[in-house]
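Letter by letter, the chains look like this.
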Amino acid sequence: MAKHDASDICSTARSWARAVVILIILQVCSAQRVRVEAEVRAFAKEAVSLRCMFISPGNTKLTQVSWIYEATEGERVNIAVFHPQYGESFPDSAFKGRVKFTHGSLDNPSIEISNMKMADEGRYTCEYATYPSGNEQGTTNLVMLAKPKNSAEHVTVTAAKAAAVVARCEASEGKPAAVITWESDVAGGKANTTQVDQPDGTVTVKSEYWLTPSPSHNNHDVKCVVTQSTQDKPQFFPMKLSIQYPPEVSIVGYDDNWYIGRTDAVLVCQHDANPAPTTVDWTAASGALPDAVEVAGDRLLVKQVDDSVNTTFMCEVKNILGSGKDQLTARVTESGEDPSNAGVLAGAILGSLLALLLVAALVAVLVTRSRRQQQHRSYPGDGEAGAYGNKVRLFGIGGGGNGNGGKTSKNGGNNNNGPVYSYREGEPDALDEKPNDPRAGCRGDSPTPHHILLSERDEAERRKLEAMEDSQEEYEEEEEEEEEEANRYDGYGYHHPHHHQQQAAAPHARPALPNHDGQIGYMDDDMESQRDGSVISRTAIYV
């Protein structure tokens, strides 16, 4: 028995499921035949059109069409009826006088509702009475929108240590609710936003901007931004903060250079206040201002500095919130330097210092260069080849006697009267001839090169030169003996064809050595080859 009851229950459930599916299919089919808009948006105090149409009636006979309003929470209300035989009908409702058919036919029973109210939001159903299928319908969801009324204002407050509202912004009676944000260049501000639902379905949004006000916040920018779906773009409300505070005072303009007779001294009473100051008063420590000064608003003009202005000046500024003051003590000197010339004097001193530094640097460069040139012209004391710099080589006729008892050559006579040739490195082909004055070595005011050389060499180099002179004397004695022997050999009647040629070449085959006259002699083994192919003496004098 229990098994049979369970089978009946399952059969009944399947029957109900089939019925529900069939009903859904019928509703979908009917919805497809009655065409309406799924959602329509409207604004208060404006008109809205609700369209309806029966698609492909075929064998279905349309007898009547009705519009039914259903509030979000409420009953269904018939607001408009059209019958092809009896015409239009508008039952008593909140829409009577505001609703009408736009075409007045069963094929297109669209309606228009004017002077929309926020309470008109809800479901609107277009319902056809047909034969033989019965009623078929389509529903439109009407959404009411409202553009908010936006406004903003700054709030004047007094500087304090507690937070206060410094600006307000409001978006009233909007639907949907607006969104309010704040932008400010002041740090530490916070927004407090609230919403209030109105009886007609709109929403009023209020926002306050809080800040701990200080004098530094005065005149700073703050901006309210209102965003809502009915607006094409956000609406901005820029404002200036208004923070009131007592005057803040300071005296400026004193340059600590008030000397007797000065006529351009000025003091300024600098102040900052909100609201603007009502009075600016100047006084002195003695009470009355000296006759030498003149007051022009917030400026104290000193007509001529004298002992009477050697005092303390005070400035007091007042507004409706209070007062502020500052004081300055001026010191008068007997004489002073015009401050306008201080820059010129400083510039002149700086320019002079720079000029002296430049001259000192130039002198140092010249001295350094001169020393280097002297070092390059100096003769190497160790006899090694080196960089001679710009050198002058003095050439003499080697081996000649002098007026002080020196030896004579075989050719006879002194060679002091021969020419002196100078050679400069870098100009190998340039030989300058200088007259050889035999009296030059005898004048006390014109020392010979030999004496100059000896005076410039240190003790070690002088000893080298003296040893070289001894060697030169021995060399000359040997040469005289060879000449005497050669003369004797010629006396036997033999002829030496190269003897005179060797004697002619001898002066140029010897290295340069100073003789007793300070002139230059040469030795063959003293010549040194250079990189450029020339030959130079290692012991010749270079000047």
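Just above sits the structure.
Summarised in this report is the structure supplied together with it. Remember, it's a predicted structure, so these values are computed and weren't measured experimentally. (Residues numbered from 1 in each chain as written. Predicted model: local features only at pLDDT ≥ 70, side-chain atom pairs only at ≥ 80, totals over all residues. Heavy atoms only, no water.)

## Brief notes about the sheet that holds strand 9 (residues 111–113)
Then, number 1: If you walk across this open sheet you meet the three strands as 3-9-8, and the pairing is antiparallel. The sheet is open, and its two borders are formed by strand 3 (48–50) and strand 8 (99–101), each paired with just one other strand. Sheet twist, expressed as the average angle between the axes of neighbouring strands with direction ignored, equals 25°.
Then, number 2: In the sheet, strand 3 pairs with strand 9 via three bridges, with the strands oriented antiparallel. Counterpart to Val48 in the pairing with strand 9 is Ile113. (Pairing = 2+ DSSP bridges. Helix = DSSP H or I, 4+ residues; strand = E, 2+ residues; numbered from the N terminus. Axes fitted to C-alpha atoms, helices over the stretch in contact; angles between N-to-C directions.)

## Looking at the sheet that holds strand 5 (residues 61–71)
Then, number 1: Strand order in the open sheet formed by six strands is 2-11-10-5-6-7, and the pairing between neighbours is mixed. At either end of the open sheet lies a strand with only one pairing partner, and these are strand 2 (39–43) and strand 7 (87–89). Sheet twist, expressed as the mean angle between neighbouring strand axes with direction ignored, is 25°.
Then, number 2: Pairing of strand 5 with strand 6 (residues 76–83) involves six bridges; the strand directions are antiparallel. Counterpart to Val65 in the pairing with strand 6 is Phe82.

## Here's the deal with a nonpolar patch on the surface
Then, number 1: A cluster of nonpolar side chains, contributed by Leu345, Ile349, Leu353 and Leu356, occupies part of the molecular surface with about 380 Å² of accessible area.
Then, number 2: Within the secondary structure, Leu356 sits in helix 2 (residues 339–377). (Patch = residues over 30% accessible without salt bridge, like charges linked within 9 Å, V, L, I, M, F, W, Y side chains within 5 Å. Areas by Shrake-Rupley, 256 points an atom, 1.4 Å probe, with all protein chains shown as cover. Salt bridge = Lys/Arg side-chain N within 4 Å of Asp/Glu carboxyl O.)

## Side note on the side chain of Ser242
Then, number 1: Tracing the sequence through the fold places Ser242 in the loop between strand 19 (235–240) and strand 20 (243–252).
Then, number 2: For Ser242, the side chain forms a polar contact with the side chain of Thr156, separated by 3.3 Å.
Then, number 3: Excluding anything up to four places from it in sequence, Ser242 contacts His154, Val155, Thr156, Val157, Asn218 and Asn274. (Polar contact = N/O pair within 3.5 Å; in protein donor to acceptor, adjacent residues only side chain to side chain. Contact = heavy atoms within 4.5 Å.)

## Focus: unusual backbone geometry
Then, number 1: Note that the residue after Lys175, namely Pro176, is joined by a cis bond; omega there is 0°.
Then, number 2: By the element assignment, Pro176 lies in the loop between strand 14 (164–174) and strand 15 (179–184).
Then, number 3: Here the amide bond leading from Asn274 into Pro275 is cis, since omega sits at 5°, within 30 degrees of zero.
Then, number 4: In this structure, Lys45 is a non-glycine residue whose phi angle is positive, near 70°.
Then, number 5: As for its position among the elements, Lys45 is in the loop between strand 2 and strand 3.
Then, number 6: In this structure, Asp256 takes a positive phi of about 60° despite not being glycine.
Then, number 7: Secondary-structure assignment places Asp256 in the loop between strand 20 and strand 21 (258–259).
Then, number 8: Look at Asp256 and you get partly exposed, because its relative accessible area is 46%. (Buried < 20%, exposed > 50% of the residue type's maximum accessible area, 1.4 Å probe, protein only.)

## Observations concerning the state of the cysteines
Put plainly, a disulfide is one covalent bond tying together the sulfur atoms of two cysteines.
Then, number 1: Within this structure, the stated rule accounts for three disulfides.
Then, number 2: Here Cys269 connects covalently by a disulfide to Cys315, the sulfurs 1.8 Å from one another. Between Cys269 and Cys315 the sulfur-sulfur dihedral comes to about -90°; the bridge is accordingly left-handed. Of this pair, Cys269 sits in strand 22 (residues 266–274) while Cys315 sits in strand 26 (residues 312–319); the two residues are 46 residues apart in sequence, bridging distant segments of the chain.
Then, number 3: Looking at the chain, its bonded cysteines, counted consecutively from the start of the sequence, adopt the pairing 1-2, 3-4, 5-6. (Disulfide = S-S within 2.5 Å.)

## Focus: the packing of aromatic side chains
Then, number 1: Enumeration over the complete set of coordinates arrives at nine aromatic pairs.
Then, number 2: Measuring from ring centre to ring centre gives 5.0 Å for Phe54 and Tyr128, while their planes differ by 70°; the resulting arrangement is edge-to-face. Taken as a pair, Phe54 in strand 4 (residues 52–54) and Tyr128 in strand 10 (residues 122–131) lie far apart in primary sequence, 74 residues in all.
Then, number 3: According to the relative accessible area criterion, Tyr128 is buried, its value standing at 0%.
Then, number 4: Measuring from centroid to centroid gives 5.3 Å for Tyr254 and Trp258, while their planes differ by 70°, and the two rings are edge-to-face.
Then, number 5: Clustering of aromatic rings is evident, with ring pairs tying together Tyr69, Phe95 and Tyr124.
Then, number 6: Across the ring face of Phe43, the terminal group of Lys147 is positioned such that the distance to the ring centre comes to 5.7 Å. (Phe/Tyr/Trp six-rings, centres within 6.5 Å; stacked < 30°, edge-to-face > 60°. Lys NZ or Arg CZ within 6 Å of the ring centre and 35° of its normal.)

## A look at the pairing of strand 11 (residues 134–145)
On a regular strand, each side chain points to the face opposite its neighbour's, so the side chains alternate between the two faces of the sheet.
Then, number 1: Pairing of strand 2 with strand 11 involves five bridges; the strand directions are parallel. When the sheet's bridge partners are listed, Arg41 is paired in strand 11 with Val143.
Then, number 2: Examined bridge by bridge, strand 10 and strand 11 share nine bridges and lie antiparallel to one another. Pairing of Tyr128 across the sheet is with Glu136, part of strand 11.
Then, number 3: Hairpin remark: strand 10 followed by strand 11, antiparallel, with two residues in the connecting loop.

## Notes on the side chain of Glu136
Then, number 1: Topologically, Glu136 is positioned in strand 11.
Then, number 2: Among the polar contacts listed, one links the side chain of Glu136 to the side chain of Arg33, at a separation of 3.2 Å.

## Remarks on the pattern of salt bridges
Then, number 1: Within this structure, the stated rule accounts for 15 salt bridges.
Then, number 2: One salt bridge connects Lys223 with Glu183, and the closest N-O pair in it is separated by 4.0 Å. One end of the pair, Lys223, is in strand 18 (residues 221–227); the other, Glu183, is in strand 15, with 40 residues separating them in the sequence.
Then, number 3: According to the relative accessible area criterion, Lys223 is partly exposed, its value standing at 28%.
Then, number 4: Overall, the relative accessible area of 41% leaves Glu183 in the partly exposed class.
Then, number 5: For Arg262, the salt bridge identified is with Asp264, shortest N-O distance 2.6 Å.
Then, number 6: The exposure class assigned to Asp264 is partly exposed, which follows from its relative accessible area of 49%.
Then, number 7: A single network of salt bridges, built from pairs that share partners, joins Asp255, Arg262 and Asp264.

Spatial relationships are all this shows, so hold off on functional conclusions.
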